[in-house]
Amino acid sequence: MKTAFAALIVLGAAKVVSPTANSDGRLSQYAVPSFTVGFQQANERGEITERVPNGETVERWSSMLTDQRFTGVAQRLTPQAYAANIFGAIPSFCPAGKGIIMNQGQVSRRPAVTLRVDCPKNPATGLPETNMMLVVAGPRDMHVRQIAWRRLPTVADLEFAQTYFRATSWCTRTKKGFAC
């Protein structure tokens, strides 16, 4: 987990399992050909996949696409409560940062919120960082799709984020895999 935002919940050291091995479902796939997987980890606590623009790394990136799943979290928190936890943690990673819920609704009839966190100057990098998240509650796991920029996002960036989130659907776990 390379971003300050992604580091809010740590998967921790545990036995590595295959991605989605213990998932209650997943968010639909969305191909962005100009991005490549830079980091991926899965264990019993959840999973994370970080994609960065081709030629960049998860340490040095200009934008990042992240999908996360947190095992059992949707049994304890709603997407709104999950967002409130993130907002409460902002001062610890960005003292001047601010967060807002942009939208509350559903993704394929699953409860969801979209939020935005702006950090005018990330203390770890000295750069501005903006992160938008789509938080979707599965039957038991919380699923988070994120887009982050290490700069102020442009209008085109924000339009891409909206397209990316609108294209997301919930995929139910079946005996043969996932059905979206």
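Figured I'd write up the structure that's included with this text. On a predicted model such as this, the values are computed, not experimentally measured, just so you know.

### Considerations on the pairing of strand β5 (residues 98–107)
At step 1: Judged from the nine bridges that link them, β5 and strand β6 (residues 110–119) form a sheet pairing that is antiparallel. Directly across from Ile 100, in β6, lies its bridge partner Arg 116.
At step 2: Adjacent in sequence and paired antiparallel, β5 and β6 are bridged by two residues, among which Ser 108 carries a positive phi angle near 50°.

### What to know about the state of the cysteines
At step 1: One pass over the structure, following the stated rule, counts two disulfides.
At step 2: What pairs with Cys 94 in a disulfide is Cys 119, and their sulfur atoms sit 2.0 Å apart. With the S-S dihedral at roughly 95°, the linkage between Cys 94 and Cys 119 falls on the right-handed side. Of this pair, Cys 94 sits in the loop between α1 (79–93) and β5 while Cys 119 is found in strand β6, placing the two residues 25 residues apart along the sequence. Cys 119 shares its class with Cys 94; the two are buried.
At step 3: Covalently, Cys 171 is tied to Cys 180 through a disulfide, its sulfur atoms 1.9 Å apart. Note on the Cys 171 and Cys 180 pair: the S-S dihedral is about 95°, so by sign convention the disulfide is right-handed.
At step 4: Residue class for Cys 180 comes out exposed when judged on its relative accessible area of 64%.
At step 5: Sequence-ordered numbering of the bonded cysteines in the protein chain yields a pairing of 1-2, 3-4.

What counts and how
Residues numbered from 1 in each chain as written. Predicted model: local features only at pLDDT ≥ 70, side-chain atom pairs only at ≥ 80, totals over all residues. Heavy atoms only, no water. Pairing = 2+ DSSP bridges. Helix = DSSP H or I, 4+ residues; strand = E, 2+ residues; numbered from the N terminus. Disulfide = S-S within 2.5 Å. Buried < 20%, exposed > 50% of the residue type's maximum accessible area, 1.4 Å probe, protein only.

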